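# Fold and contact review
These are the residues of each chain, in order.
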Amino acid sequence: MELILGNKNYSSWSMRAGLVANAFDLPLELTTIWLDEDGAERRKRDYSPAGLVPILIDGDLTVWDSLAICEYLAEKFPHRELWPVDTQDRARARSLCCEMHSGFSALRQQLPMNIRARKEPRTWPAEVQRDVARIHEIWAEARGPFLFGKFSIVDAYFAPVACRFRTYQVDVPDAAADYYEELLAHDAVRAWTQLGLAESHHMSRYD
Ligand SMILES: N[C@@H](CCC(=O)N[C@@H](CS)C(=O)NCC(=O)O)C(=O)O
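The model shown is predicted, which means the values in this text are computed figures rather than measured ones.

Moving on, we get to the overall build of the chain. Each helix and strand in the chain was counted, giving 9 helices and 4 strands. Secondary structure of the chain in N-to-C order comes out as β-α-β-α-β-β-α-α-α-α-α-α-α. Based on the C-alpha atoms only, the size of the chain along its principal axes is roughly 45 × 45 × 25 Å. The 207 residues of the chain split such that 37% are buried. Here the analysis covers contacts within the chain between residues at least 6 apart in sequence; of these, 71% occur between residues at least 24 apart.

Listed below in structure tokens is the structure:
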């Protein structure tokens with residue numbers, strides 16, 4: 001299986017799928033398409049008509065969109081427990097992933113992921129503050145160390161948000177701080193961060 005990703009420094013949706021692959025030690029080959037390079041658009045479309053990363057290729061099957069990829073991997077490797085085992089917890093975890101996937105647009109647009117950057121703290125518009133407050137509320141309910149105890153897909157979904165909070169120096173209240181720190185300290189998140197830091201591509205629209 002091949003997982004096609006964008007830049008580790010910038011591509012938050014790639015990070016979600018990539019973290020799941022790495023955290024669960026799944027047998028996937030990772031291929032990078034540098035989003036700023038000539039021909040990136042065509043390369044993405046060669047793999048998937050949606051033209052967005054991440055994309056998973058498994059034989060003659062193409063799966064695109066991070067959530068569809070994570071669901072496919074969870075079905076393909078049921079014994080690795082990519083989702084929480086308890087049915088109700090799994091439903092809650094899926095609700096949170098869907099909330100992330102279809103919401104938080106102010107946060108996602110105004111604080112684009114940029115692992116290597118450090119920005120001065122600032123006062124964010126009300127719509128961003130609402131998103132940040134909701135994230136804090138979710139993190140404060142973590143069972144510890146991760147949202148449902150053991151690291152699962154839902155934690156991979158919030159990892160790029162933790163990276164954004166670090167980049168933009170967004171305050172994290174005490175109630176949510178343990179989870180925030182655990183997430184940034186997870187081996188797969190740290191490894192991803194190191195790889196992002198080592199990348200030399202710069203995309204001015206995010207810098
Ligand atoms: N809903 C999609 C979003 C995918 C997406 O927007 N990917 C971005 C990178 S994070 C992309 O491919 N952007 C194209 C570009 O920047 O050229 C998913 O969950 O995979």
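Ranked by size, the top nonpolar core spans 57 residues in total, and within it L19, V20, I153, V154, F158, A159 and A162 carry the most contacts. When residues of this core are assigned to their parent elements, the largest contribution, 10 residues, is made by helix α7 (residues 153-167). Setting aside residues no more than four positions away along its own chain, F158 makes contact with M100 and L183.

Here we take up the domain arrangement of the chain. The domain architecture assigned to the chain consists of domain 1 (2-80) and domain 2 (87-192). The distance between the C-alpha centroids of domain 1 and domain 2 comes to 21 Å. Listed as interface residues are 14 residues of domain 1 and, on the opposing side, 16 residues of domain 2. Mapped by element, the contributors of at least two residues to the side of domain 1 that touches domain 2 are α1 (12-23) and α3 (66-76). Take the side of domain 1 that touches domain 2: its biggest share by element is 8 residues, from α1.

This next bit is on the site of the ligand. Lining the immediate surroundings of the ligand are 13 residues, of which S11, W13, L52, D65 and S66 lie closest. Tallying contributions element by element places α1 first for the shell around the ligand, with 3 residues.

This next bit is on helix α8 (residues 174-185). In this model, α8 (12 residues) spans 17 Å end to end at C-alpha, consistent with the 16 Å of a helix rising 1.5 Å per residue. Summarising the contacts, the buried residues of α8 are in contact with α6 (126-140), α7 and α9 (187-198).

If you trace the backbone, H101 turns up in helix α4 (residues 87-102). By the C-beta count within 10 Å, which is 15 here, H101 ends up partly exposed. Separated by 17 residues in sequence, H101 and R118 have C-alpha atoms that sit 25 Å apart.

Both strand β1 (residues 2-5) and strand β3 (residues 55-58) contribute to a ladder of 3 bridges, which runs antiparallel. Bridging across to β3, L3 finds its partner in L56. In this structure, β3 lies alongside strand β4 (residues 61-64), joined through 4 bridges in antiparallel fashion. Bridged to I57 within β4 is T62. Between β3 and β4, which pair antiparallel and follow one another directly, the connecting turn spans 2 residues, one of which, G59, has a positive phi of 65 degrees.

α7 packs onto α4 with a crossing angle of 25 degrees between their chain directions and a minimal axis gap of 9 Å. Relative to α7, α4 is oriented roughly parallel. Considering the relative orientation of α4 and α7, their crossing is left-handed. Judged by residue contacts, A93, L96, C97 and M100 of α4 engage I153, V154, Y157 and F158 from α7.

Further remarks concern the sheet that holds β4. Pairing in this open sheet of 4 strands is mixed, and the strands run β2-β1-β3-β4 from one edge to the other. Either end of the sheet is taken by a strand with one partner, and the two such strands are β2 (29-32) and β4. Within the sheet, the average angular offset between the axes of one strand and its neighbour, ignoring direction, is 20 degrees.

What counts and how
- Residue numbering note: each chain is counted from 1, following its sequence as written.
- Per-residue local features are limited, in this predicted model, to residues with pLDDT of at least 70; the limit for side-chain atom pairs, both in listing and counting, is 80 or more; totals at the level of whole chains, interfaces and linings are taken over all residues.
- Helix and strand assignments come from DSSP, with helices taken as H or I runs of at least 4 residues and strands as E runs of at least 2, each series counted from the N terminus.
- Exposure classes come from backbone-placed C-beta atoms, where a residue is buried if 20 or more other C-beta atoms lie within 10 Å of its own, exposed if 12 or fewer do, and partly exposed in between.
- Contacts here follow a simple rule: the backbone-placed C-beta atoms of the two residues must lie within 7 Å.
- Working definition: the nonpolar core is a set of buried Ala, Val, Leu, Ile, Met, Phe, Trp, Tyr and Cys residues, joined through C-beta atoms within 7 Å.
- Domain start and end points were adopted from an automatic or database domain assignment.
- What makes a residue near a molecule or strand is its C-beta atom, placed from the backbone, lying within 6 Å of it.
- Given a helix with a known number of residues, its expected span is that number minus one, times 1.5 Å.
- For two strands to pair, DSSP has to find at least two bridges joining them.
- Lines fitted to C-alpha atoms define the axes, with helix axes restricted to the stretch in contact, and inter-axis angles between N-to-C directions lie between 0 and 180 degrees.
- Angles below 35 degrees are treated as roughly parallel, those above 145 as roughly antiparallel, those between 65 and 115 as roughly perpendicular, and all remaining angles as oblique.
- The crossing is said to be left-handed when, going from far helix to near helix, the turn is anticlockwise and less than a right angle, and right-handed when the turn is clockwise.

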